[in-house]
Amino acid sequence: MAVGLRVSALSLPQRARVVVVGGGVGGTSIAYHLAQRGWSDVVLLERAQLTSGSTFHSAGLVGQLRSTLPLTRMMMQSVELYRRLREETGVDPGWREVGSLRLASSRARLEELERQSGWGKSFGLPIELISAAEAVRRFPLMRADGILGAAYLPSDGYLDPSGLTNALAEGGRRMGVRVCEGVRLNGVRVERGAVSGVETSGGAIECEVVVDAGGIYANEIAALAGVRVPLAAMAHQYLVARLPEAVPESLPTMRDPDLLVYFRREAGGLVMGGYERNPAPWGLDGIPRDFNNRLLEADWERFMPLSENAVRRVPGLEGAEIVRLINGPEAFTPDNEFILGPSRLRGFYVAAGFCAHGIAGAGGMGKQVASWIVDGEPELDLWRMDIRRFPAHHASPGYTLERTVEVYSTYYDVHYPNEERRAGRPLRLSPTYARLVALGACFGEKAGWERPNWFEPNAALVEVQRPAGWAGEHWSAAIAAEHQATRERVALFDETSFAKIAVAGPGALAFLQRLCANDVDRAPGSIVYTSMLNRRGGIECDFTVTRLEEESFAIITGTAFGTHDLDWISRHQPEDGSVTVSDETSRWACLGMWGPRARDVLQQLTDTDLSSAAFPYLTGRHIVVGAVPCLALRVTYVGELGWELYCATEYGLRLWDSLWEAGNEHGMVAGGYRAIESLRLEKGYRVWSSDITPQDNPFEAGLGFAVRLQKPHDFIGKAALQRARSEGIQRRLKPIVLDDPRAVALGGEPVQAGGEVVGRVTSGGFGYTLGASIAYAYLPAALAQPEQEVAVEVFGRWMAGRVRAEPLFDPAGARVRA
């Protein structure tokens, strides 16, 4: 048997390739997977003993089905690992593959299960929808009162978190990882903007990479490197009880989200915990240095509502012997997702904020972070978990806490699509905000910005039926009215939240040519739609680039993706100072105006010739609108004639007022982002992070028109695209129009052809001009043909549809070039 390597603080190595900080399940998984990839020169530092932070008191449930494919894939990778760890390492992680139940006690919850069942099919999970009677048969301790149905996933289970950690640590040791217990991190050395080493209680270690896997201590660790990790520790409780009746060894885990509780077997007894409405944040003034292998005092008053709910479902708990109420702090994030990946400090990675996913996802998470470190990118699209998703205001502990308390307290709620969080708002406001409020805006929030989803008074302009089911939640007839006005007259949109990135300097053109798949070497005033790709050819960024001057470019990208895109570009920035990259988002207001009468409105306010001959599509120029100097870009994300008008922020209110007054005689309405979504869907414009991701290449995504393989500059991802094209494109993103317009796909639904699942919906919705339910999906190339018959499962029902040629609306593009 190989002998594991355990290192004391007195014998720390002077150098390592990677230092992982944190000896919980996350840190050991990353070290294990790095060693598996051949990076065995890894030191894992633990300030006390392995599992002594949050891992040892985790409840240990492992559920695989999540709301996104990447997160679900991570959970599935975890289960694959847990099945083999005992044989591989000789340490038993306590894996018990007993299956899981998720109950529905309301119609909304049953619909949620139906939707999740569809996700499971598209993700390749053997999930079953079962009756209340079948659920009781599988979990005989429970009472069926009020249960309408349940979901059963046979490959779920539970394990011993400490056993898992020790198994991963032993596996890493056998491959050369040095595990150092009783060693504190005291500092991170930085040279020329990159990690160069660490200072510890046992001495200094030179290294290229530091991974912060510190759990509830992650932000304190990151602060040593000047990095902020937005998380908060929440006191999470569960009890261990011995029941009067026997507890079957094969008892599945069970979640009853309507009662806010979960259950699993534990040594002949039962574990019961949940997510209360009045959570208790902990450690707000700092975590005591000696808080190792410790729990918090039991809080029975806070736990009592969960206990009462649990007895309603499992009556035997009422007379059970309470072995212990365990109360321990766990790290949660403002959006209830992991915080993973490279920080803005080169070489400093974060793997923290595991929320309720930690034990279930630890195996897959470690694999992905190891790939990120070794290959420069993860295998999966982890944008929703990427630390770079957080804008600067998440550096505020108060804001982070507000958002984290909200997500914890609503953890088990039914979350409808387009749901908006309320905590920490309003924060970032456009200069037109007062006008938008006066016009009756119903606001959403993205990246801290208050943005109008729709304007409720516009609902009176049309008669339209509310969509059926979940598509009718967080909806208004105003969406249809604003859509119609854009198609038939003109609408004005505040798009100040768009992320704006400036790239300039004597090396700017060559720099962008190396990053962009399209050719941006066009005349000043030209606008180029392009992707930036990773080495696999996957789409990392999707935006427009406007050449303002010979060596000055403006990039406009989505509100939520600005931090990601800025980081991607900056990471490739040359070190010779020939290129500057800067975030200009807050410097400029942006108003978008589109529709057949957009030119009529704008021409009243400017002396610039706006005719198509003088100001063609995909060009930009400086003009004056009323009294406001603007950069006018003739682009569209709605498929209509119009412009985006950028002005210095202080002019934004005046620009709105001028356009609004001029538009009155043309029937202008104020429009919101939900109308934009419906308009873009009809036109087939893609959305990064759903339709296109780092796992999809432009040829698959139908964006080959924005790739220039023959341009004189090589670009990142070019070789991968050439290989993909020569090997043949195996799948393609195509629109599907459902036969029944009342059935609306919302994303994640499985797509079937010939009785087999062949794809999943990337985005969907209703097109009000076409009067059709539209869903986009990647399909095998042989099936991605117009008129191909398919079916999409919408809340448990297979709805017939056909693949259509795209774009569905204005296929010749005459309207945008009018």
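Let me begin by describing the structure that accompanies this report. (Residues numbered from 1 in each chain as written. Predicted model: local features only at pLDDT ≥ 70, side-chain atom pairs only at ≥ 80, totals over all residues. Heavy atoms only, no water.)

## Considering the overall build of the protein chain
In plain terms, the rule: Secondary structure is summarised from DSSP: a helix means a run of H or I of at least four residues, a strand means a run of E of at least two, and numbering begins at the N terminus for each. Throughout, exposure labels follow a simple rule: accessible area from a 1.4 Å probe, protein chains only, divided by the maximum for the residue type, with under 20% read as buried, over 50% as exposed, and the rest as partly exposed. We call two residues in contact when some of their heavy atoms are within 4.5 Å.
Across its full length, the protein chain holds 17 helices and 40 strands. Each principal axis of the C-alpha atoms in the protein chain carries an extent, and together these give about 80 × 65 × 55 Å. By the burial criterion, 63% of the 818 residues in the protein chain qualify as buried. Taking the intrachain contacts of the protein chain between residues at least 6 apart in sequence as the baseline, contacts between residues at least 24 apart amount to 72%.

## Here's the deal with the pairing of strand S36 (residues 750-753)
Applicable threshold: In this scheme, strands are said to pair when DSSP sees at least two bridges between them.
Burial along S36 is two-sided: Pro 750 and Gln 752 and Val 751 and Ala 753, pointing in opposite directions, are all buried. Judged from the four bridges that link them, S36 and strand S37 (residues 756-767) form a sheet pairing that is antiparallel. Residue pairing for S37: Ala 753 is matched across the bridge by Glu 756. Sheet topology places S36 next to strand S39 (residues 789-794); two bridges connect them, and they run antiparallel. Looking at the pairing, Val 751 lines up with Val 792 of S39.

## Quick word on the side chain of Arg 66
As a reminder of what qualifies: His is not counted, nor are the chain ends, whereas Lys and Arg count as positive and Asp and Glu as negative. Salt bridges are defined by distance alone: a side-chain nitrogen of Lys or Arg within 4 Å of a carboxyl oxygen of Asp or Glu.
Relative to the elements of secondary structure, Arg 66 occurs in the loop between strand S4 (61-62) and helix H2 (69-89). Although buried, Arg 66 forms no salt bridge, and the nearest oppositely charged side chain, Asp 156, lies 7.4 Å from it. With residues near it in sequence (within four places) discarded, Arg 66 still touches Leu 71, Thr 72, Met 75, Trp 119, Phe 123, Ala 356, His 357, Ala 360 and Tyr 411.

## Section: the packing of H2 against helix H5 (residues 161-174)
Working note: a packed helix pair is described by the angle between its axes plus the distance between those axes. Cut-off, in case you're wondering: Interaxial angles span 0 to 180 degrees and are taken between N-to-C directions of axes, which are lines fitted to C-alpha atoms, for helices over the stretch in contact. Any angle from 65 to 115 degrees is called roughly perpendicular, while one under 35 is roughly parallel, one over 145 is roughly antiparallel, and all others are oblique. Helix crossings get a hand from a simple test, with the near helix turned counterclockwise from the far one by less than a right angle marking a left-handed crossing and a clockwise turn marking a right-handed one.
Interaxial distance between H2 and H5 falls to 10 Å at its minimum, and their mutual angle equals 55 degrees. When the axes of H2 and H5 are compared, the pair comes out oblique. Pair H2 / H5 crosses with left-handed handedness. Every residue of H5 that contacts H2 at Leu 81, Tyr 82, Leu 85, Glu 88 and Thr 89 is listed here: Leu 164, Ala 167, Leu 168, Glu 170, Gly 171 and Arg 174.

## Some details on the pairing of S37
In textbook terms, the turn of a hairpin is the stretch between consecutive antiparallel strands, and for S36 and S37 this stretch comprises two residues, one of which, Gly 754, has a positive phi near 60 degrees. Pairing of S37 with strand S38 (residues 772-780) involves six bridges; the strand directions are antiparallel. When the sheet's bridge partners are listed, Phe 766 is paired in S38 with Ser 773. Hairpin connection from S37 to S38: four residues lie between these consecutive antiparallel strands, with Gly 771 at a positive phi of about 65 degrees.

## Points about the packing of aromatic side chains
As a reminder, the rule being used: Here a Phe, Tyr or Trp ring, Trp counted by its six-membered ring, pairs with any other such ring whose centre lies within 6.5 Å, and the pair is stacked when the planes are under 30 degrees apart, edge-to-face when over 60, and tilted otherwise. For a lysine, the NZ atom is tested; for an arginine, the CZ atom; a charge sits over a ring if that atom is within 6 Å of the ring centre and within 35 degrees of the ring normal.
According to the stated counting rule, one finds 24 aromatic pairs in the structure shown. Three or more aromatic residues joined by ring pairs make a cluster, and in this case those are Tyr 262, Tyr 275, Phe 332, Tyr 408, Tyr 411 and Tyr 412. The aromatic ring of Trp 39 is capped on one face by Arg 17, whose charged end is 3.6 Å from the ring centroid. Above the plane of the ring of Trp 643 lies Arg 634, whose end atom (NZ or CZ) is 5.8 Å from the centre.

## Overview of the sheet that holds strand S29 (residues 580-583)
Strand pairing within a sheet occurs via backbone hydrogen bonds; the two strands may be parallel or antiparallel. On the basis of which strands lie adjacent, the open sheet formed by five strands has the order S26-S27-S28-S25-S29 and antiparallel pairing. Across the chains shown, the open sheet's two edge strands, defined by having one partner strand only, are strand S26 (527-533) and S29. Pairs of neighbouring strands in the sheet enclose a mean axial angle of 30 degrees, with direction left out of account. As defined by bridge partners, strand S27 (residues 539-549) adjoins strand S28 (residues 552-557) across five bridges and the pair is classed as antiparallel. Residue pairing in the sheet places Val 545 in a bridge with Ile 555 of S28. Its contacts with the sheet put helix H13 (residues 562-571) on strand S25 (499-504), S26, S27, S28 and S29, and the angle it makes with S27 is roughly 75 degrees.

Spatial relationships are all this shows, so hold off on functional conclusions.
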